[in-house]
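Commentary on secondary and tertiary structure
So you can see what is in the structure, the chains are spelled out below.
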Amino acid sequence: MTERMTAAIDVKGLNKSFGDKRVVRDVSIRVEEGRITGFLGPNGAGKTTTLRLLCGLLTPDSGEGRVLGMDFRTRTEAIKRETGYMTQRFSLYEDMTIEENLDFIARVHELPERRERVAGALERLGLHYRRDQLAGALSGGWKQRLALAAATLHEPRLLLLDEPTAGVDPKARREFWDKIHAMADQGLTVLVSTHYMDEAERCHDIGYILDGRLIVRGTAEEIVSGSGLVTFSGEGPDIGRITRELEKQEGVLSASAFGTAVRVSGADRDALRRAIAPYERGPFAWVEVTPSLEDVFIQLTSRPPDDWLAQ
Amino acid sequence: MKRLSLARIVAVMVKEFTQLRRDRITYAMILVMPLMQLLLFGYAINTDPRHLPAAVVAHDHGRLADAVVATLERTSYIDVRYLPASEGEMDRMIRRGDILLALTIPPDFSQRVLKGDRTQILAEIDATDPIAAGAVSAAVAALPSYAVQQDLRGPAARPAGSPPFEVVVHRLYNPEGITSYNIVPGLLAIILSMTLVMMTSMAVTREVERGTMESLLATPATPFEVMIGKLLPYVAVGIIQTAVVLILARVLFSVPMAQSLAGWFALSVGIVLFIIGNLALGYLISTLVRSQLQAMQVSMFYIMPSLFLSGFMFPFRGLPLWAQAIGEVMPITHFLRIVRGSLLKGQMLGDMGPDLLALGAFLIAVAALTLARSRTTLD
């Protein structure tokens, strides 16, 4: 019972198809209260659909469980009241000002002391001096701030963010994440989809979705160490050609050029060593490095999903 | 001078065709709309209305009185549908718009015609619509020279040029046959339909197209709340439009207005029902189409028959029965009767009963369909 109380999301066997396309397959998610969980995976893997299923915007074909302690299939209205959802595409009214947008959200949520709430949100997010600007005239970073303010105005217990920082500059991204962490410290549970590895590393937990399946779960360290991946980095001339050749070698799962260095990864250390040995001459030298999350995910994406089901 | 590139023109052309093919509703509109409109309006529109409904009160049941009625029907312009017992009942019929012609044959009609005395038949014509009234009065005016001639032989036969009886024509409601008295109140119906259906036909599609629907659905607002909240502002728009049109109708065209408070009340009930009905229809269209462009096209598709088959442009009673059936389904047909009935004929709530009920039924049906189509999800 106590365990149930602390899980903000506890959903099992989630399935959703559009026509004959299975977009989400048997996804089970459990997110503890106050945790930030990152959703990663290639485009079209089912991240957005999963988020929409959780906040009641889509009806699942099957699956059961609780969101914020309520049956997520039947109590969507109550869940919506305590959930904030920030869409991938800016979805506030571009022909209304910042303040008008927030005022609308406050009214539709029937918030008490509406004016104070809106003024407070404007202040907190630094939107105060721009409150009379039309939302459509804002730059990407400011739109994102506004969207976050709108999604959190009703002080939700659960925040779902769908690629919230796409197209936002690094400084604004950093500020955004600092805000997310501050809110999580207050007990807010966050589920965020992203393509950025540095953002994934800022999450408490990470889930990797591929082809509608949640294939890996855990902290960044757990995922890296659990992958069994070995990575070597080599620096020297002619990186482009070496990368292209290495990709085709036995024992190499991925090879990728990073400026003047090439990173190769594989599951078997000896096989990988054999593959890279011919290139170790002259100025070229290999060093074994800790695989990064990106190495792990690139490798996950390039392997057929059936591999993971077999494990 | 820049070189004109045929290849680039072709590139743009091919792209346009590809997009046109993708947009199924536009595609259908290009092919189906002209065909349907051609068939529908080609067969329905008739500027020489026939089979207009009439009632006769015959105080004389003699052979000659029957002959007058029979002759009237033979013209094919008039169908005698009712034989009410009293003039009072017949008055109600013409005021409600059930008939366009009310004929009263006096008690001693046959006798006086046979005796060669001058006698008169009273023909009251609903002149609200000058076109229909023209057809009716032409048919009625010809009556004395054709009717009963063959029934009169021997001493009762008249010399040529001296008809056996006279028809006294009373043009009711619009005695001078002023076209604007009929058209201007009709324009109120058209203006309300066009603007309100078009404006709300984009209400939902606009949110979907701009992506704001996703945020709206993530809030606790229910589809019913969203629908009501979206439509209410347009009720105000409709009421303002109505006020402007009525004021101009009075000031510029001297159109008669309702004469009593009860008359205004009856008209107001009709106006509000009509406005909400149109808004609901627009909202329904909005839930059926995928883009604002499609919403415009479907609205246009509705506007055409509402001009031609409602009685706005052509007398409703002169349309073929199947076209009248289509007209009866459209709220504008009923509203036209209400607004003309109120302003020109002084109709009260009781006279408008069937049309008000029809508007109410339309509203409930469309609202129910719309709610069934609206969803709380993006599925």
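If you're wondering where the values come from, they're calculated on a predicted model, not measured in any experiment. (Residues numbered from 1 in each chain as written. Chains lettered and ligands numbered in written order. Predicted model: local features only at pLDDT ≥ 70, side-chain atom pairs only at ≥ 80, totals over all residues. Heavy atoms only, no water.)

Describing the domain arrangement of chain B
Residues and elements named next belong to chain B. Let me state the cut-off plainly: Where each domain begins and ends is defined by an automated method or by a domain database. Two residues form a contact once any of their heavy atoms are found within 4.5 Å. The term buried area means the drop in 1.4 Å probe accessible area that two parts suffer when joined, counted for both and summed. A side-chain nitrogen of Lys or Arg and a carboxyl oxygen of Asp or Glu constitute a salt bridge if their distance falls within 4 Å. For the purposes of these results, a polar contact is taken to be a pair of N or O atoms within 3.5 Å, where, inside protein, one atom must be able to donate a hydrogen and its partner to accept one; residues adjacent in sequence count only when each atom of the pair is a side-chain atom. Elements are defined by DSSP. Helices are runs of H or I of four residues or more, strands are runs of E of two residues or more, and each kind is numbered from the N terminus. Each residue is assigned to one of three groups, with Ala, Val, Leu, Ile, Met, Phe, Trp, Tyr, Cys and Pro labelled nonpolar, Asp, Glu, Lys and Arg labelled charged, and all others, Gly among them, labelled polar.
We note that the domain assignment places domain 1 (52-172) and domain 2 (179-373) within chain B. On the domain 2 side, the residues contacting the 14 residues of domain 1 number 14 residues. Per-residue buried area on domain 1 facing domain 2 is highest for Arg95, Arg96 and Thr128; these three make up 49% of the total on that side. For the interface between domain 1 and domain 2, the tally reads two salt bridges. Measuring nitrogen to oxygen at the nearest pair gives 2.8 Å for the salt bridge that ties aspartate 126 to lysine 345. Remark: the boundary between domain 1 and domain 2 carries seven residue pairs in polar contact (both at pLDDT 80 or more). Broken down by secondary-structure element, the contributors of at least two residues to the side of domain 1 that touches domain 2 are strand 1 (52-58), helix 4 (87-96) and helix 6 (130-141). For the side of domain 1 that touches domain 2, the per-class residue count stands at seven nonpolar, two polar and five charged.

A word on empty space enclosed by the protein
Formally: Points on a 1 Å grid, built from protein atoms alone, make a cavity when a 1.4 Å probe fits but cannot get out and make a pocket when they are open with protein on both sides within 12 Å along at least 5 of 7 lines; residues with an atom within 4 Å of a point are the lining residues. Grid points are joined across faces, edges and corners, and a volume is the space filled by probe spheres set on the points.
One pass over the structure, following the stated rule, counts one cavity of 30 Å³ or more. In this structure, the largest cavity is lined by Ser91(A), Leu92(A), Tyr93(A), Phe104(A), Ile105(A), Thr212(B), Ser215(B), Leu216(B) and Thr219(B). Those elements that place two or more of their residues in the lining of the largest cavity are helix 4 (98-108) of chain A together with helix 10 (212-218) of chain B. It is helix 10 of chain B that provides the largest number of residues to the lining of the largest cavity, a total of three residues.

Concerning the side chain of Thr104(B)
As for its placement among the helices and strands, Thr104(B) is situated in strand 3 (residues 101-105). The contact partners of Thr104(B), leaving out residues within four places of it in the chain, are Val57(B), His59(B), Glu87(B), Met90(B), Ile121(B) and Leu122(B).

Brief notes about the packing of aromatic side chains
Residues and elements named next belong to chain A. Rule in force here: Classification of ring pairs uses Phe, Tyr and Trp, with its six-membered ring standing for Trp, and accepts pairs whose centres are within 6.5 Å; under 30 degrees between planes counts as stacked, over 60 as edge-to-face, and the remaining range as tilted. Burial status follows relative accessibility: with a 1.4 Å probe on protein chains alone, a residue under 20% of its type maximum counts as buried, one over 50% as exposed, and anything between as partly exposed.
Inspection of the entire model under this criterion finds seven aromatic pairs over all chains. Taking the centre distance of 5.7 Å and the plane angle of 85° together, the rings of tyrosine 93 and phenylalanine 104 count as edge-to-face. Of this pair, tyrosine 93 sits in the loop between strand 6 (83-86) and helix 4 while phenylalanine 104 sits in helix 4, and the two are 11 residues apart along the sequence. Here phenylalanine 104 falls in the partly exposed class, since its relative accessible area comes to 27%. With a centroid separation of 4.4 Å and 10° between ring planes, the pair formed by tyrosine 208 and phenylalanine 297 is classed as stacked. Placement of tyrosine 208 in strand 9 (residues 205-210) and of phenylalanine 297 in helix 12 (residues 293-302) is noted, with a sequence separation of 89 residues between them.

As for the pairing of strand 8 (residues 189-193) of chain A
Residue and element names in this part refer to chain A. Just so we agree on the cut-off: Only when DSSP finds a minimum of two bridges between them are two strands counted as paired. A clockwise course of the path from the first strand over the helix to the second, judged with the strands pointing away from the viewer, identifies a crossover as right-handed.
With five of its five residues buried, strand 8 lies for the most part within the structure. Here four bridges tie strand 3 (residues 36-40) to strand 8, and the two strands are oriented parallel to one another. If you follow phenylalanine 39 over to strand 8, its bridge partner there is serine 193. Summarising the sheet, strand 7 (residues 158-162) and strand 8 pair through five bridges and their orientation is parallel. Looking across to strand 8, one finds that leucine 161 is bridged to valine 192. Considered for its hand, the β-α-β crossover made up of strand 7, helix 7 (residues 170-185) and strand 8 is right-handed.

Some words on the layout of surface pockets
Empty space within the largest pocket amounts to approximately 710 Å³. Around the largest pocket, the lining comprises 23 residues; the ones closest to its centre are Tyr93(A), Phe104(A), Glu207(B), Leu216(B) and Lys230(B). Among the secondary structure elements, those contributing two or more residues to the lining of the largest pocket are helix 4 of chain A together with helix 9 (203-210), helix 10 and helix 11 (223-253) of chain B. Of all the elements, helix 11 of chain B adds the most residues to the lining of the largest pocket, at five residues.

With respect to the side chain of Thr37(A)
On the secondary structure map, Thr37(A) appears in strand 3. Apart from residues lying up to four places away in sequence, Thr37(A) is in contact with Val31(A), Val190(A), Leu191(A), Val192(A), Cys203(A), Asp205(A) and Arg217(A).

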